[in-house]
Amino acid sequence: MLAAMPPTSPNPRNGGEAHIRERVRDRADACPGALRLHRADDGGLARLRLPTGVLTARQVAALADLSDRLGDGRIGVTSRGNLDLRGLPDDCGLTLAELLGGAGLLPSAAHERVRNMVVSPLAGLDGRGFGDVQAWARELDALLCAQAWTTGLSGRFLFAVDDGRGDVAALGGDVTLLAEPGGRALVRIGGLARRVAAGDAPVAALAAAEAFLTVAREAGTGAWRVAELPSDAALEDAVTSCLAGAGVAAAPAAGGALPDAAPPVPGLVGECAVSVVAPLGRVTTEQFRALAPGDGDEVRVTPWRGFVVAGLPGRAEAERRLAALEAAGYLVRPGSPWLAVTACTGRPGCGKALADVRADARPLDDPPLRGMPVHWSGCERRCGHPQGDWVDALATGYGTYALTVRTARRDNDDAHPQAQAQR
Ligand code: SF4
């Protein structure tokens, strides 16, 4: 008989719950970067931030060559649209920095871990959304890298730049820019909202981040994220002051819930782009190169472990590319049950793992759970788990996984009655 497992801590990432607001950080975050490698069981792990999410064909080739030369011949995509390189040797730092710098992927060594941004990946491709959010992201990144104080942000502080469709706005950014019709933008931080002219949006986002650092310093709690600040009240004065200091005219706006739209659907996007997903968020360098074989191809990395390939000359080429990427192993059809499956690193890469999670991960067939996002984890940290409602498949260490349904409301977490899956 299968035993029901009690719910364990789901640790939501940025919900602003009371238990987070009471937290005092006594150390800087340990997020890996491109230059600050994490030592994993399978070697060094480097995490490359891609603020706009965009890679040229030349950069795709450079990263694939880099992984073949220094790493394990694979590239991982994180839930923030960053890229992971694994299996790196201890002494690769200088070479890694040179190769990334040569590819134009490391504009500022001092800022490489704070360039955390997610941008609507279909912006400008499908006729939806408002404003040029790619230009906002580029400007915001340049502003971040031009200021010394921004290195005080944690490696977890996240900017979400949404073209108004509400896809990345739902990802829990610390500062969210939401494009609006009529050349306006909403700037959100915590429960606060300000409306600004679209042209001021990047400067306003930076000012909001400065307000966060000001309040975090005064609170003395070492907060890494906005949800860890004591309250929005202190933030309100700081936001007003920082926006004024930056010369941004801002009007108060209603806070309320941010929009929550679905991520890109795999398949054709308009006539000249395609959207695909990497199964379990990791591809071989051969698969990575297949994204952009042509010089004019543009690859956008999505925070849903996928890629949008843009700049294709027309529908016929887009259909050909989609077929080629399906043959290479990408998920290219909306109905695939694997779209709902994610997994942490697990064994052998992570020493905390109780199982080879990626080998065990699969879609769930049980009728009550079928279709729900399922995240397979090797331990209770549940790295990379989705937001919203999802099924938590947690390795028990005894060749099974405990299945628990997690809902967006933490107090509704519930153990599923069929609570174990065999490996
Ligand atoms: S969830 Fe646990 S086992 Fe999986 S990668 Fe994170 S720390 Fe490792």
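Residues numbered from 1 in each chain as written. Predicted model: local features only at pLDDT ≥ 70, side-chain atom pairs only at ≥ 80, totals over all residues. Heavy atoms only, no water.

A few points about the packing of helix 4 (residues 133-146) against helix 5 (residues 201-219)
1) Next: For the pair helix 4 and helix 5, the least separation of the axes is 8 Å and the interaxial angle reads 45°. As the angle between them shows, helix 4 and helix 5 are arranged oblique. The handedness of the crossing between helix 4 and helix 5 is right-handed. For the pair helix 4 and helix 5, the contacting residues are Trp 136, Glu 139, Leu 140, Leu 143 and Leu 144 in the first and Ala 201, Pro 202, Val 203, Ala 205 and Leu 206 in the second.
2) Next: Tallied by class, residues from the contact of helix 4 with helix 5 come to nine nonpolar, no polar and one charged. (Axes fitted to C-alpha atoms, helices over the stretch in contact; angles between N-to-C directions. Helix = DSSP H or I, 4+ residues; strand = E, 2+ residues; numbered from the N terminus. Parallel < 35°, antiparallel > 145°, perpendicular 65-115°, else oblique. Left-handed = near helix turned anticlockwise from the far one by under 90°. Contact = heavy atoms within 4.5 Å. Nonpolar A, V, L, I, M, F, W, Y, C, P; charged D, E, K, R; others polar.)

Description of the pairing of strand 19 (residues 390-395)
Moving residue by residue along a regular strand, the side chains alternate between the two faces of the sheet.
1) Next: Within strand 19, six of the six residues are buried, leaving the element largely enclosed by the surrounding structure.
2) Next: Where burial is concerned, the two faces of strand 19 agree: the one with Trp 390, Asp 392 and Leu 394 and the one with Val 391, Ala 393 and Ala 395 are both buried.
3) Next: With six bridges joining them, strand 19 and strand 20 (residues 400-406) adopt antiparallel strand pairing. Looking across to strand 20, one finds that Leu 394 is bridged to Ala 402.
4) Next: The antiparallel pairing of strand 19 with strand 20 creates a hairpin that spans four residues between the two strands, and Gly 397 there sits at a positive phi of about 90°. (Buried < 20%, exposed > 50% of the residue type's maximum accessible area, 1.4 Å probe, protein only. Pairing = 2+ DSSP bridges.)

That's the geometry; what it means functionally is another story.
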